[in-house]
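The chain contents come next:
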Amino acid sequence: MFVQPWDAGLDEAEWRTWLAEGHDFGQLAVNGLPGHPPVVVPTHFICDGRHLLVHLARPNPVWKAIEHDPNVVLGVIGDYAFIPGPWRAKADIPPQDGVPTSYYAAVQFTCRATVVDDPEAKAELLRRQLAHFQPEGDQAPVAVDQPPYGRMLSGIRGLSLEVTEVRAKFKYDDHKPVEHRAAVADHLTARGAGLDVPAARQQRRRLDRLGPWKP
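Because the structure is predicted, anything quoted here is derived from the model rather than measured.

Caption draft 1: Expanded view of the pairing of strand β5 (residues 71-83). Alignment of strand β1 (residues 25-30) against β5, held across four bridges, turns out to be antiparallel. The partner of L28 across the bridge, within β5, is L74. Bridge analysis of β5 against strand β6 (residues 101-116) gives eleven bridges, and the strand direction is antiparallel. Bridge pairing in β6 links N71 to R112.

Structure (structure tokens):
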């Protein structure tokens with residue numbers, strides 16, 4: 001993922017906070033076997049320190065590819081919006097000469113994958129995931145010798161993804177003048193389609209933290 005200096009994440013706390021706001025579904029990209037394209041799997045995940053935890057069905061074609069090459073990428077994208085050209089036109093040019101762009105937030109994790117096959121280790125992985133996704137605790141215990149999960153553990157495999165690099169990108173025209181960025185955020189809020197409002201929120205948040213762009 002190409003990241004311009006003005007689009008880069010400001011610090012680790014920024015992308016961690018963004019993920020914690022509900023961005024816990026991404027795409028796991030695995031190098032394909034020789035002569036085959038990459039394998040890309042949409043999946044929920046959780047952050048566990050410097051690891052990401054995932055589980056997938058045992059028949060998933062991803063396993064052979066991971067066993068061949070455990071170096072993988074998990075990418076997350078959100079808060080995206082198309083920005084029409086007229087919104088970006090400078091004051092001294094016709095609106096139709098403005099150049100459109102895309103706004104989005106993205107985090108990509110480069111990882112080394114370890115397959116989790118031990119039943120108790122898989123049960124613990126599921127317990128950690130459920131604590132995140134279903135914190136109400138209104139589920140049956142995840143135990144290797146109890147229903148309903150015990151008999152289902154053989155149908156899944158777990159992945160512990162050791163994070164070796166993180167690339168975070170928040171592409172919201174941070175190199176543009178403050179007035180321009182505020183105006184686009186207003187346009188997004190007024191249009192209110194798709195993820196316009198979350199995109200505007202990200203732009204205003206970055207504007208508050210960065211102010212005028214300083215190379």
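Caption draft 2: Region of the structure containing the sheet that holds β1. The sheet built from seven strands is open, its strands ordered β2-β1-β5-β6-β7-β4-β3 with antiparallel pairing. Each of the sheet's edge strands pairs with one partner strand only, and the pair in question is β2 (39-44) and β3 (46-48). If you compare each strand with its neighbour and ignore which way they point, the axes differ by 35 degrees on average. Where β1 lies against β2, six bridges are found, and the strand directions are antiparallel. Looking at β2, one finds that F25 is bridged to H44. Against the sheet, helix α4 (residues 119-133) contacts β2, β3, β4 (51-57), β6 and β7 (156-171), and its axis sits at roughly 110 degrees relative to β4. Contacts between helix α5 (residues 178-191) and the sheet are confined to β5 and β6, with β5 contributing the most and set at about 85 degrees to the helix.

Caption draft 3: Layout of unusual backbone geometry. Residue P148 is reached from P147 by a cis peptide bond, and omega for that bond is 0 degrees. Turning to its location among the elements, P148 is positioned in the loop between α4 and β7. Although it is not a glycine, D79 sits at a positive phi angle of roughly 50 degrees. In this structure D79 comes out as buried when scored by relative accessible area, which is 8%.

Caption draft 4: Region of interest: the side chain of H180. By the secondary structure assignment, H180 is in helix α5. Relative accessible area serves as the criterion here: at 14%, H180 is assigned to the buried category. Residue contacts for H180: discarding those within four places in its chain leaves W87, R88, Y103 and D173.

Caption draft 5: A look at the environment of S160. With respect to the helices and strands, the residue S160 is situated in strand β7. Taking C-alpha positions, S160 is 6.3 Å from H51, a pair spaced 109 residues apart along the chain. If sequence neighbours within four positions are ignored, S160 has contacts with H51, L52, L53, R112, A113, T114 and V116.

Caption draft 6: Representation of a nonpolar patch on the surface within the structure. A surface patch of nonpolar side chains, about 310 Å² in accessible area, is lined by I77, Y80 and L195. Take Y80: it is sitting in strand β5. The class for Y80 is partly exposed, based on a relative accessible area of 47%.

The rules behind each value
All residue numbers refer to positions counted from 1 along the written sequence of the respective chain. Only residues with pLDDT of 70 or above have their local features reported here, since the model is predicted, and side-chain atom pairs are shown and tallied only from 80 upward, although totals for entire chains, interfaces and linings are computed over all residues. Side-chain metrics rest on all non-hydrogen atoms present in the structure, leaving aside hydrogens and water. A strand pair is defined by DSSP finding two or more bridges across the two strands. Secondary structure elements are defined from DSSP: runs of H or I of at least 4 residues count as helices, runs of E of at least 2 residues count as strands, and each element is numbered from the N terminus. Convention adopted: a line fitted to C-alpha atoms gives each axis, helices being fitted over their contacting stretch, and angles between N-to-C directions are expressed from 0 to 180 degrees. Contact criterion: two residues are considered in contact whenever any of their non-hydrogen atoms come within 4.5 Å of each other. Relative accessibility decides the category of a residue: with a 1.4 Å probe and only protein chains considered, values under 20% of the type maximum give buried, values over 50% give exposed, and everything between is partly exposed. Without a salt bridge and with relative accessible area above 30%, a residue can belong to a patch; like charges are then joined within 9 Å and nonpolar side chains (Val, Leu, Ile, Met, Phe, Trp, Tyr) within 5 Å. In this description, accessible areas are obtained by the Shrake-Rupley approach with a 1.4 Å probe, and a residue is regarded as covered only by the protein chains that are shown. Salt bridge, as used here, is a side-chain nitrogen of Lys or Arg placed within 4 Å of a carboxyl oxygen of Asp or Glu.

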